Amino acid sequence: MDESEVIGGFSLREHWRVVYSRRWSVLTLAAAGVAVALAWNQVRTPTYQATVTLQIDREQPGLAEMSEQLSPQFPEQPDYIETPYKVLQSRVLAKTVIAELGLAAKPELKHGLAAGELEAYAGDIHPRIVERFTNRLKVRPSKGTRLVDVSYESVDPRLAPLVVNTLGGAFVEHNQRT
């Protein structure tokens, strides 16, 4: 062996000889790994994710409103920044979107619920449906900006973008009302 092949007691040629002598074991293991990955990919239900980016602007209070407030909140204050994020994740907004899109009837949200359980909440949306909806919803603020990414995962490729767009619209309406 020449000196270039031995690096700190590590002989590349010796390791290659061991791998080469076990080449069928290595190839069998690699083929088995690829086969398992392909099988998993075929069996797994695909999920689709849609993301919308919202800009959270501060509200400009009118002169009358400003004189009524003793301590106005400014966007630099942490509680002002956190409020829109919490509203986006709220059960009230979730129920609005679920009702508007009729998501309570979608199998991916109502699976495992008996018909009797759903009928008990005839005038309202079952809490587990709302919980499943909010579990699929992700709200991630962009650090140092007033931007927030809202994502939703669904097995239906058309539903995911519909949900985030409807949620964005419901959020804007909610802010205009309050």
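Structure shown above.
Notes on the structure in this doc start here. (Residues numbered from 1 in each chain as written. Predicted model: local features only at pLDDT ≥ 70, side-chain atom pairs only at ≥ 80, totals over all residues. Heavy atoms only, no water.)

**Points about the overall build of the protein chain**
Threshold: Runs of E in the DSSP output that reach at least two residues are strands. Runs of H or I that reach at least four are helices, and both are numbered from the N terminus. Buried means the residue's accessible area, taken with a 1.4 Å probe over protein chains only, is under 20% of the maximum for its type, while exposed means over 50%, and partly exposed covers the values in between. Using the Shrake-Rupley algorithm and a 1.4 Å probe, accessible areas are obtained, with residue cover drawn only from the displayed protein chains.
Looking only at helices and strands, the protein chain features nine helices and five strands. Overall, the protein chain shows an N-to-C arrangement of helices and strands of β-β-α-α-β-α-α-α-α-α-α-β-β-α. The buried share of the protein chain, taken over its 178 residues, is 25%. Accessible area for the protein chain stands at about 12,700 Å²; split by element, carbon and sulfur atoms hold 58% of it.

**Examining the packing of aromatic side chains**
In plain terms, the rule: Aromatic contacts are taken between Phe, Tyr and Trp rings whose centres are within 6.5 Å, Trp giving its six-membered ring; a plane angle under 30 degrees counts as stacked, one over 60 as edge-to-face, and the others as tilted. The rule for a charge over a ring is simple: NZ of Lys or CZ of Arg within 6 Å of the ring centre, and within 35 degrees of the ring normal.
Using the criterion set out here, one finds two aromatic pairs in the structure. For the ring pair Trp16 and Tyr20, a centre distance of 6.3 Å and an interplane angle of 35° mean the geometry is tilted. A residue pair is termed a helical-turn pair when its members lie 3 or 4 positions apart in one helix, as Trp16 and Tyr20 do in helix H1 (residues 12-21) at four residues. Over the face of the ring belonging to Tyr20 we find Arg23, whose NZ or CZ atom lies 4.3 Å from the ring centre.

**Concerning the sheet that holds strand S4 (residues 137-141)**
The test is simple: The rule for pairing is simple: two strands pair if DSSP sees at least two bridges between them. Here, axes are lines fitted to C-alpha atoms. For helices the fit covers the stretch in contact, and angles between N-to-C directions go from 0 to 180 degrees.
Judged by pairing direction, the sheet is antiparallel, and its three strands sit side by side in the order S3-S5-S4 without closing on themselves. At either end of the open sheet lies a strand with only one pairing partner, and these are strand S3 (48-55) and S4. The sheet shows a mean angle of 20° between the axes of neighbouring strands, direction not considered. Both S4 and strand S5 (residues 147-154) contribute to a ladder of five bridges, which runs antiparallel. Counterpart to Val139 in the pairing with S5 is Val150.

**Quick notes on the pairing of S5**
One ladder, built from eight bridges, connects S3 with S5; its direction is antiparallel. If you follow Leu54 over to S5, its bridge partner there is Val148. The antiparallel pairing of S4 with S5 creates a hairpin that spans five residues between the two strands, and Gly144 there sits at a positive phi of about 80°.

**Points about the side chain of Ser11**
Definition in use: Distance and chemistry together define a polar contact, namely a pair of N or O atoms within 3.5 Å, with one atom able to donate a hydrogen and the other to accept it when in protein, and with adjacent residues in sequence counting only for side-chain atoms on both sides.
Relative to the assigned elements, Ser11 resides in strand S2 (residues 10-11). Here Glu14 takes part through its backbone nitrogen, which lies 3.3 Å from a polar atom of the side chain of Ser11.

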